[in-house]
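Letter by letter, the chains look like this.
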Amino acid sequence: MNAPSYDQTLDRANSDVVLVVDDVPDNLAMLHDALDESGYTVLVATSGEAALQRASQALPDVVLLDAMMPGMDGFEVARRLKAEPRTAHIPIIFMTGLTETEHLVAALESGGVDYVTKPIKPKEVLARMSVHLQGARQARQAARQAGQARNALDAFGYASITVRVSDGRLMWQTPLARDLLMRYFGTAAPVTPEPVVSWLRRHLPDAQASIEPPRLNHDQGARRLTFRLHQQTGDSEGGGDWLIVMQEVSDDAVIEAMSLSFKLTAREAEVLYWVVKGKINRDIGDILGASPATVKKHLERVYAKLGVETRTAAAGMAMNRIRQLHPQFEG
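Parameters at a glance
Residues numbered from 1 in each chain as written. Predicted model: local features only at pLDDT ≥ 70, side-chain atom pairs only at ≥ 80, totals over all residues. Heavy atoms only, no water. Helix = DSSP H or I, 4+ residues; strand = E, 2+ residues; numbered from the N terminus. Buried < 20%, exposed > 50% of the residue type's maximum accessible area, 1.4 Å probe, protein only. Contact = heavy atoms within 4.5 Å. Areas by Shrake-Rupley, 256 points an atom, 1.4 Å probe, with all protein chains shown as cover. pLDDT = per-residue confidence, 0-100. Pairing = 2+ DSSP bridges. Axes fitted to C-alpha atoms, helices over the stretch in contact; angles between N-to-C directions. Right-handed = clockwise from strand over helix to strand, strands pointing away. Arc of directions from axis to C-beta. Parallel < 35°, antiparallel > 145°, perpendicular 65-115°, else oblique. Nonpolar A, V, L, I, M, F, W, Y, C, P; charged D, E, K, R; others polar.

**A short note on the overall build of the chain**
Part 1 of the reasoning: Scanning the chain from N- to C-terminus turns up 14 helices and 10 strands.
Part 2 of the reasoning: In the chain, which comprises 331 residues, the proportion classed as buried is 42%.
Part 3 of the reasoning: Contacts in the chain between residues at least 24 apart in sequence constitute 56% of all its contacts with a sequence separation of at least 6.
Part 4 of the reasoning: For the chain, the exposed area adds up to about 17400 Å²; of that, 51% sits on carbon and sulfur atoms.

Structural data, given as structure tokens:
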């Protein structure tokens, strides 16, 4: 039987969860008692490695992080927490005995939202935490609502992802988006397909000026994955994070319509479809797994059934019929 996860055992409905990270047992004990008496659920870690593991498992509401620890220091812990999509949203409050400006700047640059100086005063810690927890709760609620709306889009065939412009990292995706990206590009989070990153960065100035850029299309046989830049999320530092909506479009219905309209076999209809798309016989053969000679024979039968003599005439007749039946078709 599997052991219950942190999230299953923590009483999140009635208390906020605090992860305290410090290599000094006396500091941990003092903070644990003060936070526990104030109604918080307290988790502790005495090293950077343990802090990363507990944060990933429990997803605490706030982290109190000692800046100077042996091995992995607090600055590195913070950078790693902020680099992971699961823990990037958690506010980090540094605890430091270093008051030099460069150390305080390092704490904030590595992802901290605030700091308290040692020796620790529990009342000050509680006051600082209260401010940041309120903001974190509001952010979580907004993210939860946005996530529910985006997941609902999956049911209608619209998948969505969030990409960070500065490093091209895939920060968030719906289940449908994960499947589509793997099928079309063979990539998985946190990797964003290079064509998507290039398209996003190329059209970023227009997007920031509220001008919708052209959609990105990625073809795979008679199926096409389209990308539409939707909106910026989060702050704009380094270009910000951008929500991209994806939809898979299949031209299988177009091929079937041509088959029925012109009394073509399924393979003849496929050949005609790729002729409309401007492909030559060799390319059509590669797509369909047939030789150019076989494609030529199919095409000759298509000409006979359509009553035409050239591929230009066949493509023109097919395109006219397609536009009648499927106005949205992109030739």
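**A word on the confidence of the model for the chain**
Any region with low pLDDT has predicted coordinates that should not be read closely.
Part 1 of the reasoning: Of the residues in the chain, 84% have a pLDDT of 70 or more, and the chain-wide mean is 83.
Part 2 of the reasoning: Averaged pLDDT values for the elements of the chain fall to 45 in helix H1 (residues 6-9) and rise to 95 in helix H13 (residues 292-306).
Part 3 of the reasoning: Low confidence marks residues 1-9, where pLDDT is under 50. Its contacts with residues over four positions away, or in another chain, come to 8 contacts.

**Remarks on the sheet that holds strand E10 (residues 241-250)**
Part 1 of the reasoning: Reading across from one edge, E7-E6-E10-E9-E8 is the order of the 5 strands in this open sheet, with antiparallel pairing throughout. The outermost strands of the open sheet, each flanked by one partner alone, are strand E7 (170-173) and strand E8 (216-220). Taken pair by pair, the neighbouring strands of this sheet meet at an average axis angle of 25°, ignoring direction.
Part 2 of the reasoning: Across 10 bridges, the pairing between strand E9 (residues 223-233) and E10 is antiparallel. Following the sheet pairing, Phe227 is matched in E10 by Met246.

**Considerations on the pairing of strand E2 (residues 41-45)**
Part 1 of the reasoning: Here strand E1 (residues 17-21) pairs with E2 via 5 bridges, running parallel. Residue Leu19 lies in a different strand from E2, and its bridge partner there is Leu43.
Part 2 of the reasoning: One crossover worth recording links E1 to the parallel E2 by way of helix H2 (residues 25-37), and it is right-handed.

**Topic: helix H12 (residues 281-288)**
Part 1 of the reasoning: Listed as buried for H12 are Asn281, Ile284, Gly285 and Leu288. Buried residues along H12 cover an arc of 100° about the axis, so they all sit on one side. For H12, the exposed residues set more than 90 degrees away from the buried face come down to Arg282 and Asp286.
Part 2 of the reasoning: On its buried face, H12 sits against helix H11 (266-276), H13 and helix H14 (311-325).
Part 3 of the reasoning: One or two residues past the end of H12 sits Gly289, with phi positive at roughly 70°.

**Re the packing of H11 against H14**
Part 1 of the reasoning: Relative orientation of the contacting elements H11 and H14 amounts to 95°, with a least axis distance of 9 Å. The orientation of H11 with respect to H14, classified from their angle, is roughly perpendicular. Where H11 approaches H14, its residues Leu272, Val275 and Val276 are matched on the opposing element by Arg311, Ala314, Ala315, Ala318 and Met319.
Part 2 of the reasoning: Tallied by class, the residues present in the contact of H11 with H14 amount to 7 nonpolar, no polar and 1 charged.

**Describing helix H10 (residues 252-262)**
Part 1 of the reasoning: Of all the residues in H10, the buried ones are Val254, Ile255, Ala257, Met258, Ser259 and Phe262.
Part 2 of the reasoning: Where H10 is buried, its residues meet H11, H13 and H14.
Part 3 of the reasoning: One or two steps after H10, the chain reaches Lys263, where phi turns positive at roughly 55°.

**Details of the environment of Trp172**
Part 1 of the reasoning: Along the chain, Trp172 turns up in strand E7.
Part 2 of the reasoning: Put simply, Trp172 and Ala189 are 17 residues apart on the chain and 8.0 Å apart in space, counted from C-alpha to C-alpha.

**Quick notes on the sheet that holds strand E4 (residues 92-96)**
Part 1 of the reasoning: With parallel pairing, 5 strands are arranged side by side in an open sheet as E2-E1-E3-E4-E5. Looking at the sheet topology across the chains shown, the edges are occupied by E2 and strand E5 (114-117). On average, each strand axis in the sheet is tilted by 20° relative to the strand beside it, whichever way the strands run.
Part 2 of the reasoning: With respect to the sheet, helix H3 (residues 48-58) is in contact with E1 and E2, its orientation differing from that of E2 by roughly 145°.
Part 3 of the reasoning: The strands that helix H4 (residues 74-83) touches are strand E3 (62-66) and E4; relative to E4, the one it contacts most, it runs at about 175°.

**Considerations on the environment of Val44**
Part 1 of the reasoning: Looking at where Val44 falls in the secondary structure, it is placed in strand E2.
Part 2 of the reasoning: The residues contacting Val44, other than those within four sequence positions of it, are Leu19, Val20, Leu28, His32 and Arg54.

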